[in-house]
Amino acid sequence: MMQKNHAFALSALLLAAGAAPLSSAEAAQVTLSFSNLSTANGPALSPFFVALHDGTFDAFDIGTTASAAIEAIAEMGNGAGLSSAFAASSAAAAGGTSTTVTAAVNAFGPGIFLPGAKGSVTLDLDPVKNRYLSYFAMVVPSNDRFVGNDSPTEIELFDAQGHFTGGTFVENGSSIWDAGSELDGTTGAAFLVGSNAADSPAQNGIIRANHDFAVYAGLGTPAGYNFTDLPGANTPLLQISAVSQVPVPAAAWLFGSVLPLFGWLRRRAPVSALPA
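Residues numbered from 1 in each chain as written. Predicted model: local features only at pLDDT ≥ 70, side-chain atom pairs only at ≥ 80, totals over all residues. Heavy atoms only, no water.

1. Observations regarding the packing of aromatic side chains
Part 1: Under the defined criterion, the tally for this structure stands at 13 aromatic pairs.
Part 2: Between Phe 60 and Phe 136 the ring centres are 6.4 Å apart and the planes differ by 75°, which places this aromatic pair in the edge-to-face class. Residue Phe 60 is located in the loop between strand 3 (48-53) and helix 2 (68-76), and its partner Phe 136 is located in strand 6 (residues 132-140); the two are separated by 76 residues in the primary sequence.
Part 3: Judged by its relative accessible area of 1%, Phe 136 falls in the buried class.
Part 4: Ring centres 6.1 Å apart and planes at 55° place the aromatic pair Phe 213 and Tyr 216 in the tilted group.
Part 5: Relative accessible area serves as the criterion here: at 1%, Phe 213 is assigned to the buried category.
Part 6: Of the residues examined, Tyr 216 reaches a relative accessible area of 0% and is grouped as buried.
Part 7: An aromatic cluster is defined as three or more aromatic residues linked by ring pairs; in this entry it consists of Phe 49, Phe 57, Phe 60, Phe 86, Phe 136, Phe 146 and Trp 177. (Phe/Tyr/Trp six-rings, centres within 6.5 Å; stacked < 30°, edge-to-face > 60°. Helix = DSSP H or I, 4+ residues; strand = E, 2+ residues; numbered from the N terminus. Buried < 20%, exposed > 50% of the residue type's maximum accessible area, 1.4 Å probe, protein only.)

Here it is in structure tokens:
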């Protein structure tokens, strides 16, 4: 009877392990790719600040005043403030990681995502500590437009059991945010030929969705094209893909953790004594 109880206990443990969330797991190698889906004369995107975290890194909220970090990414494409904010967050303390993703070299130079440009980075991610992806980049030409996920749990790379889910995510023009920090206009606007270097007048507004780029229509860009393909609400703007070459099921990690127990049971009872 004791042997049967041991076998039952092992079966129950394996079932529970397969269903329970992971407390820690082996790293999975994941390639994150970013593509500017805009057509030839459409908007460009700055290099991306990317954070991989446990779901607690919330960089901004719609309807609120932009933080200094969001203002910097929206006005200058500068992710240093977001990097500092992330480093000081509970997500980083829990083992989160961050990086910058730039576009491959193009005619304009490395870094910026011109229409059609792509860039990627490959990282070793922990399915618990790096379960979610957050991204941020400036949209140009503009004074203070940016893209980024408002909800920190919007893009899930691993499920609660640690299985890699990944996939492809597409954002349209309706996902462009206005930081509300500067008035729209050619004064102080980034990525315009002959733009005045002075700051645009302060707007003192709030973060809101805004894909209206009419004030910049037809103007020249340093990349050699005129900005004529303005994004509409349903215009594809950005594609993010997450691919893991050899995703290891969480059940395999958990099963490995109970193998020593299985060996212990075998030492306690002869193999012939265990039920078939």
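2. Structural notes on unusual backbone geometry
Part 1: With an omega of 0°, the peptide bond between Val 140 and Pro 141 qualifies as cis.
Part 2: Located in the positive-phi region is Asn 204, a residue other than glycine, with phi close to 55°.
Part 3: Relative to the assigned elements, Asn 204 resides in the loop between strand 10 (177-178) and strand 11 (208-209).
Part 4: Under the relative-accessibility criterion, Asn 204 is labelled exposed at 72%.

3. Observations concerning helix 2
Spacing of three or four residues puts side chains on the same side of an α-helix, whose turn is 3.6 residues.
Part 1: Listing the buried residues of helix 2 in full gives Ala 69, Ile 70, Ala 72, Ile 73, Ala 74 and Glu 75.
Part 2: Residues of helix 2 that are buried in the fold lie against helix 3 (80-87), strand 6 and strand 7 (145-148).
Part 3: Immediately downstream of helix 2, the backbone of Gly 77 shows phi near 65°, a positive value. (Contact = heavy atoms within 4.5 Å.)

4. A look at the side chain of Ser 142
Part 1: Summarising the element assignment, Ser 142 is placed in the loop between strand 6 and strand 7.
Part 2: Since its relative accessible area comes to 0%, Ser 142 is described here as buried.
Part 3: There is a polar contact of 2.6 Å between the side chain of Ser 142 and the backbone oxygen of Val 139. (Polar contact = N/O pair within 3.5 Å; in protein donor to acceptor, adjacent residues only side chain to side chain.)

By themselves, these observations are geometric and do not establish any function.
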